[in-house]
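Report on the structure
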Amino acid sequence: KVSVVVLTQPVQQVLGASKFGLRGSFLKDTLPEVMENLKKVEYAARFAVAYFFDKSKVSWPFPWTVKYFDKGDVRYVAHDTARRGGASDEPMMAVLVHSGVPLGMKLGDEEDPFPTAAERMQSELREKLPELPWDSAEVDPYCSNIWNDASYISSADGCKEVHQRCPAAALDQCGVRDDHCT
């Protein structure tokens with residue numbers, strides 16, 4: 001008999017209160033007070049978008065690798081390729097961008113918040129960091145996520161495509177890991 005089960009999924013998924021909710025009867029023996037406490041859990045939702053630039057056409061124009069911003073929809077930008085030590089064998093330069101909590105909270109309940117969030121973030125990136133050609137970057141739909149509602153690729157074909165297009169460390173940042181591709 002198992003006495004403890006440790007789940008690493010967000011509580012919303014465990015309770016089945018998200019579009020990626022878990023299914024099953026594992027909650028039937030959960031004490032009512034535990035269920036009530038789980039329902040009170042709140043998240044600081046953020047969006048993450050991975051932008052990919054062809055390294056033969058675009059180079060990183062800034063002296064920093066990671067930058068935080070105090071205001072706006074975009075709060076974190078990382079030259080992920082450099083952050084991982086260069087990864088010179090990768091043809092694409094990965095830039096990870098995270099939103100602030102206000103954008104995540106505002107759009108988090110929408111049916112499909114990603115296009116709106118990505119457009120708002122890209123618009124702000126054009127203003128904050130005009131040195132990069134944001135409009136020519138590849139934005140892979142597999143590498144967009146909202147952190148309070150993890151989305152994973154469950155098919156082997158989907159994972160194969162992600163691994164061909166996305167740098168390995170960017171996959172981890174985007175919520176796609178090798179152990180989800182079995």
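Residues numbered from 1 in each chain as written. Predicted model: local features only at pLDDT ≥ 70, side-chain atom pairs only at ≥ 80, totals over all residues. Heavy atoms only, no water.

Section: the overall build of the protein chain
Tallying secondary structure elements over the protein chain gives seven helices and five strands in all. Reading the helices (α) and strands (β) of the protein chain from amino to carboxyl end gives α-α-β-β-β-α-β-α-α-β-α-α. Here the protein chain holds 182 residues, and the buried ones make up 41% of them. Within the protein chain, contacts between residues separated by at least 24 positions form 67% of all contacts whose residues are at least 6 apart in sequence. About 10,800 Å² of surface is accessible on the protein chain, with carbon and sulfur atoms providing 51% of the total. (Helix = DSSP H or I, 4+ residues; strand = E, 2+ residues; numbered from the N terminus. Buried < 20%, exposed > 50% of the residue type's maximum accessible area, 1.4 Å probe, protein only. Contact = heavy atoms within 4.5 Å. Areas by Shrake-Rupley, 256 points an atom, 1.4 Å probe, with all protein chains shown as cover.)

Quick notes on the confidence of the model for the protein chain
Summary statistics for the protein chain give a mean pLDDT of 73 and a share of 65% for residues scoring 70 or more. Per-element confidence in the protein chain is highest for strand S2 (residues 66-68), whose mean pLDDT is 95, and lowest for helix H6 (residues 156-165), whose mean pLDDT is 38. Contacts from residues 146-182, a stretch scored under 50 in pLDDT, to residues over four places away or in other chains number 77 contacts. (pLDDT = per-residue confidence, 0-100.)

So, the side chain of His79
Within the secondary structure, His79 sits in strand S3 (residues 74-79). The class for His79 is buried, based on a relative accessible area of 10%. Those residues in contact with His79, other than ones at most four positions away along the chain, are Trp60, Thr65, Met93 and Ala94.

Re a negative patch on the surface
A contiguous patch of negative charge, built from Asp109, Glu110, Glu111 and Asp112, is present on the exposed surface. Along the polypeptide, Asp109 turns up in the loop between helix H4 (101-107) and helix H5 (114-128). Asp109 sits in the exposed class, given a relative accessible area of 78%. (Patch = residues over 30% accessible without salt bridge, like charges linked within 9 Å, V, L, I, M, F, W, Y side chains within 5 Å. Salt bridge = Lys/Arg side-chain N within 4 Å of Asp/Glu carboxyl O. Lys, Arg positive; Asp, Glu negative; His and termini not counted. Charge placed at Lys NZ, Arg CZ, Asp CG, Glu CD.)

Details of the pattern of salt bridges
For the structure on display, the rule yields eight salt bridges. Two residues, Glu90 and Arg84, come together in a salt bridge whose shortest N-O distance is 3.0 Å. One salt bridge connects Asp135 with Arg126, and the closest N-O pair in it is separated by 2.8 Å. By sharing partners, the salt bridges in this structure join Asp80, Arg83, Arg84 and Glu90 into a single network.

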